[in-house]
Amino acid sequence: MIEDDRRYGFEAFDCAPALRLEAHERVARLQHDGLVRRLEKLEEMIERLEKRLWLAVYGVVAVILGQAFQSILAAAP
C-alpha cells in the first residue's frame, strides 16, 4: 500500500530544505546551460578568427612569393 508519493502512511509534503535544494539545482542547471552556450559561441568565434588568421598568412606568403617572382623576372633578361 506504499506508493511513490506516500511513505509509511504519511502523505508526501515539500519541506523548506528540499525546496531550497531543488531551487539551487535549477539555478545551477540554468547557469551550466548558460556557460555551455557561451562556450559554444566562443568556439565559433575562435574558429572564425583562425580562418581569418590563415587567410592573412596565405596573403603574406602570396605577396612575398609575388615579389620574389617579380625580382626573378626583373633579373633575367
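Residues numbered from 1 in each chain as written. Predicted model: local features only at pLDDT ≥ 70, side-chain atom pairs only at ≥ 80, totals over all residues. Heavy atoms only, no water.

### Quick notes on the overall build of the protein chain
Alright, step 1. Along the backbone of the protein chain there are 1 helix and 2 strands.
Alright, step 2. When the elements of the protein chain are put in sequence order from the N terminus, they spell out β-β-α.
Alright, step 3. Buried positions account for 1% of the 77 residues belonging to the protein chain.
Alright, step 4. Per element, the accessible surface of the protein chain, about 8000 Å² overall, is 63% carbon and sulfur. (Helix = DSSP H or I, 4+ residues; strand = E, 2+ residues; numbered from the N terminus. Buried < 20%, exposed > 50% of the residue type's maximum accessible area, 1.4 Å probe, protein only. Areas by Shrake-Rupley, 256 points an atom, 1.4 Å probe, with all protein chains shown as cover.)

### Some details on the pattern of salt bridges
Opposite charge on two side chains permits them to pair, given that their charged atoms come into close proximity.
Alright, step 1. Enumeration according to the criterion identifies 1 salt bridge in this entry.
Alright, step 2. Between Arg 26 and Glu 22 there is a salt bridge; the shortest N-O distance is 3.8 Å. Of this pair, Arg 26 and Glu 22 both sit in helix 1 (residues 16-75), separated by 4 residues, roughly a single helical turn.
Alright, step 3. The class of Glu 22 is partly exposed, set by a relative accessible area of 41%. (Salt bridge = Lys/Arg side-chain N within 4 Å of Asp/Glu carboxyl O.)

### Details of a nonpolar patch on the surface
Alright, step 1. Together, Trp 54, Val 57, Tyr 58, Val 61 and Leu 65 line one region of the surface with nonpolar side chains, adding up to about 530 Å² of accessible area.
Alright, step 2. Residue placement: Tyr 58 occurs in helix 1. (Patch = residues over 30% accessible without salt bridge, like charges linked within 9 Å, V, L, I, M, F, W, Y side chains within 5 Å.)

### Here we look at the UniProt feature "transmembrane region" (unreviewed entry) in the protein chain
Alright, step 1. UniProt's entry tags residues 53-76 with the feature "transmembrane region" (unreviewed entry), counted in the numbering of this structure.
Alright, step 2. Taken end to end, residues 53-76 is 96% helix and 0% strand, and its first and last C-alpha atoms sit 35 Å apart. (UniProt positions renumbered as here; feature names shortened; annotations may be inferred.)

### Concerning a negative patch on the surface
Alright, step 1. Among the surface-exposed residues, Glu 40, Glu 43, Glu 44, Glu 47 and Glu 50 lie close enough to one another that they form a single negatively charged patch.
Alright, step 2. Here Glu 47 is to be found in helix 1.
Alright, step 3. In this structure Glu 47 comes out as partly exposed when scored by relative accessible area, which is 48%. (Lys, Arg positive; Asp, Glu negative; His and termini not counted. Charge placed at Lys NZ, Arg CZ, Asp CG, Glu CD.)

### Structural notes on the confidence of the model for the protein chain
Alright, step 1. For the protein chain, per-residue confidence averages 87 on the pLDDT scale, and residues scoring 70 or more make up 81% of the total.
Alright, step 2. Per-element averaging of pLDDT across the protein chain places strand 1 (residues 6-7) at the bottom with 55 and helix 1 at the top with 94. (pLDDT = per-residue confidence, 0-100.)

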